[in-house]
Amino acid sequence: MPIGIVDKSLSLTENLLEYINVQGHFLPQDLDLLKRACAFAEEHYANVVHPTTKPYNEYVSHVATLLIDLGANSVIVSAAVICLPPSASKQVLNDFKKEFKDEHELLELVNGVFRFNHLEWNNWSDYPGENEPEERREILRKMSL
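Here's what I pulled together on the structure shown here. (Residues numbered from 1 in each chain as written. Predicted model: local features only at pLDDT ≥ 70, side-chain atom pairs only at ≥ 80, totals over all residues. Heavy atoms only, no water.)

**Description of the side chain of His44**
Within the secondary structure layout, His44 lies in helix H2 (residues 28-45). Polar side-chain contacts of His44 include one of 3.0 Å to the side chain of Asp95. When near neighbours in sequence (up to four residues on either side) are disregarded, His44 contacts Val92 and Asp95. (Helix = DSSP H or I, 4+ residues; strand = E, 2+ residues; numbered from the N terminus. Polar contact = N/O pair within 3.5 Å; in protein donor to acceptor, adjacent residues only side chain to side chain. Contact = heavy atoms within 4.5 Å.)

And the structure:
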């Protein structure tokens, strides 16, 4: 499978495992974490659409394959897979914390991104200049995506 290509007929788990088998990056214990992350994402985000208008699982599959190509470890790839979309409910966050309670590095990474995704986007109204607040919001929105 070429870099970053996602087979839309396969599940998130199938896509990543097929890609990893071709690349040969991870040990069996690393694959276990990634399989659990994929199962979590498939269960919780199956009907979520990413702001890029792609299905969320398709988007994270693409991001994960790019990270694998860059040599990221299984914790980073797993965090990308289960990183909570901005629309995620508190229940999803609670489910995530229960499911991965022993994966401290993963919890820290995902919680950091979750906090970043919930920044207030309209709190720059005090800045001078007609276009500055909108420009700042647009820059932060792009950074988040």
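So much for the structure itself; the text now carries on.
**Digging into the packing of helix H3 (residues 56-69) against helix H4 (residues 74-82)**
Packing of H3 against H4 leaves a shortest axis separation of 8 Å and a crossing angle of 165 degrees. Taken together, the axes of H3 and H4 lie roughly antiparallel to each other. Handedness of the H3/H4 crossing: right-handed. Across from Val60, Val63, Ala64, Leu67 and Ile68 in H3, the residues of H4 making contact are Ile76, Val77, Ala80 and Val81. Looking at the contact of H3 with H4, its residues break down into nine nonpolar, no polar and no charged. (Axes fitted to C-alpha atoms, helices over the stretch in contact; angles between N-to-C directions. Parallel < 35°, antiparallel > 145°, perpendicular 65-115°, else oblique. Left-handed = near helix turned anticlockwise from the far one by under 90°. Nonpolar A, V, L, I, M, F, W, Y, C, P; charged D, E, K, R; others polar.)

**Some thoughts on the environment of Val75**
Residue placement: Val75 occurs in helix H4. Accessibility expressed as a relative area gives 13% for Val75, which makes it buried. Put simply, Val75 and Leu106 are 31 residues apart on the chain and 5.9 Å apart in space, counted from C-alpha to C-alpha. Setting aside residues no more than four positions away along its own chain, Val75 makes contact with Leu33, Glu105, Leu106 and Leu109. (Buried < 20%, exposed > 50% of the residue type's maximum accessible area, 1.4 Å probe, protein only.)

**Topic: the packing of aromatic side chains**
Applying the stated rule across the entire model yields six aromatic pairs. Each ring, one from Phe40 and one from Phe100, has its centre 5.8 Å from the other, and the planes form 75 degrees; the classification is edge-to-face. Separated by 60 residues along the polypeptide, Phe40 in helix H2 and Phe100 in the loop between helix H5 (90-99) and helix H6 (104-117) bring together distant segments of the chain. Centroid distance Tyr45 to Tyr56: 5.1 Å. Interplanar angle 75 degrees. Geometry classified as edge-to-face. (Phe/Tyr/Trp six-rings, centres within 6.5 Å; stacked < 30°, edge-to-face > 60°.)

**What to know about the side chain of Asn111**
The topology assignment puts Asn111 in helix H6. Once residues within four sequence positions are removed from consideration, Asn111 is found in contact with Leu93 and Lys97.

None of the figures reported here should be taken as evidence of function without further support.
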